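Survey of secondary and tertiary structure
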Amino acid sequence: MKMSTARVRKKARIEIIPLIDIIFFLLATFILVSMAMVKNLGMLVQLPGAATATKMETVNVAVSVNAEGQIYFNKEAVDLAGLEERVKMAKGNNIELAVELQGDKNARYEMVLGVFDKLRRFGVKQVSIKTSPVERVWEPGAAK
């Protein structure tokens, strides 16, 4: 003999709102993690362009020169004496200190070159000049 039950069978369904919450949480987490992975050591300056620029693999410190000629060591304003002190502290036992020089495109060439020369005099062997990638760069004799 068959007994009937008073239970009504419900169809299985997927609740979509908790899934949307989880997806937004994962999206926000990935965005925050990816932003933390980009390390910007130097100041924000308008970099000149270079079509043949390549990325330096290891950078320990950044030295920036803004349009007014102010020098920054890892976002901290310094003068030339302070720059030497900071470089010596950063160098410590690390003989292969890699410095990224960021010169504003409106900064005086003499100032950026002077900082480059000082870094070499302080014993830094790996100095790279940071540029922005461009398709076409200015060439001598060409109109602006």
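Residues numbered from 1 in each chain as written. Predicted model: local features only at pLDDT ≥ 70, side-chain atom pairs only at ≥ 80, totals over all residues. Heavy atoms only, no water.

Thoughts on the layout of surface pockets
Selection criterion: Every definition here rests on a 1 Å grid over the protein atoms only: cavities are sets of points where a 1.4 Å probe fits but cannot get out, pockets are open sets enclosed by protein on both sides within 12 Å along at least five of seven lines, and lining residues have some atom within 4 Å of a point. Grid points are joined across faces, edges and corners, and a volume is the space filled by probe spheres set on the points. Basically, the charged four are Asp, Glu, Lys and Arg, the nonpolar ten are Ala, Val, Leu, Ile, Met, Phe, Trp, Tyr, Cys and Pro, and anything else, Gly included, counts as polar.
In this structure, the second largest pocket spans a volume of roughly 260 Å³. Lining the second largest pocket are Pro-48, Gly-103, Asp-104, Lys-105, Ala-107, Tyr-109, Val-112, Leu-113, Phe-116, Ile-129 and Lys-130. Classifying every residue of the lining of the second largest pocket gives 7 nonpolar, 1 polar and 3 charged.

Some details on the confidence of the model for the protein
Put simply, the rule reads: pLDDT runs from 0 to 100 and stands for how confident the predictor is about each residue. Strands are runs of DSSP state E lasting at least 2 residues, helices are runs of H or I lasting at least 4, and numbering of each runs from the N terminus.
Averaged over all residues, the pLDDT of the protein is 80; the fraction at 70 or higher stands at 79%. Looking across the protein, the model is least confident in strand S1 (residues 49-50), with a mean pLDDT of 72, and most confident in strand S3 (residues 71-73), with 91.

Looking at the nonpolar core
Basically, it comes down to this: We define the nonpolar core as a collection of buried residues of types Ala, Val, Leu, Ile, Met, Phe, Trp, Tyr and Cys that are connected through side-chain atoms lying within 4.5 Å of one another. We call a residue buried when its accessible area falls under 20% of the maximum for its residue type, exposed when it is over 50%, and partly exposed in between, using a 1.4 Å probe and counting protein chains only. The contact criterion used is simple: two residues touch if any of their non-hydrogen atoms lie within 4.5 Å.
Counting residues in each nonpolar core, the largest one holds 18 residues, and the members touching the most others are Val-63, Leu-83, Val-87, Val-115 and Leu-119. Sorting the residues of this core by element identifies strand S2 (61-65), S3, helix H2 (80-91), strand S5 (98-103) and helix H3 (109-121) as the ones contributing at least two each. Excluding anything up to four places from it in sequence, Val-115 contacts Val-63, Val-65, Ile-71, Leu-83 and Leu-101.

A word on the sheet that holds S2
Our working rule: Pairing between two strands requires that DSSP report at least two bridges joining them. Geometry is summarised by axes, namely lines fitted to C-alpha atoms with helices restricted to the contacting stretch, and by angles between N-to-C directions that run from 0 to 180 degrees.
In space, the 5 strands of this open sheet follow the order S4-S3-S2-S5-S6, with mixed pairing throughout. Each end of this open sheet is capped by a strand with a single partner; those strands are strand S4 (76-78) and strand S6 (126-129). Sheet twist, expressed as the mean angle between neighbouring strand axes with direction ignored, is 30°. Pairing geometry for S2 and S5, over 5 bridges, is parallel. Within S5, the position partnered with Val-65 by the bridge is Gly-103. Docked against the sheet, H2 engages S2, S3 and S4, running at close to 20° with respect to S3.

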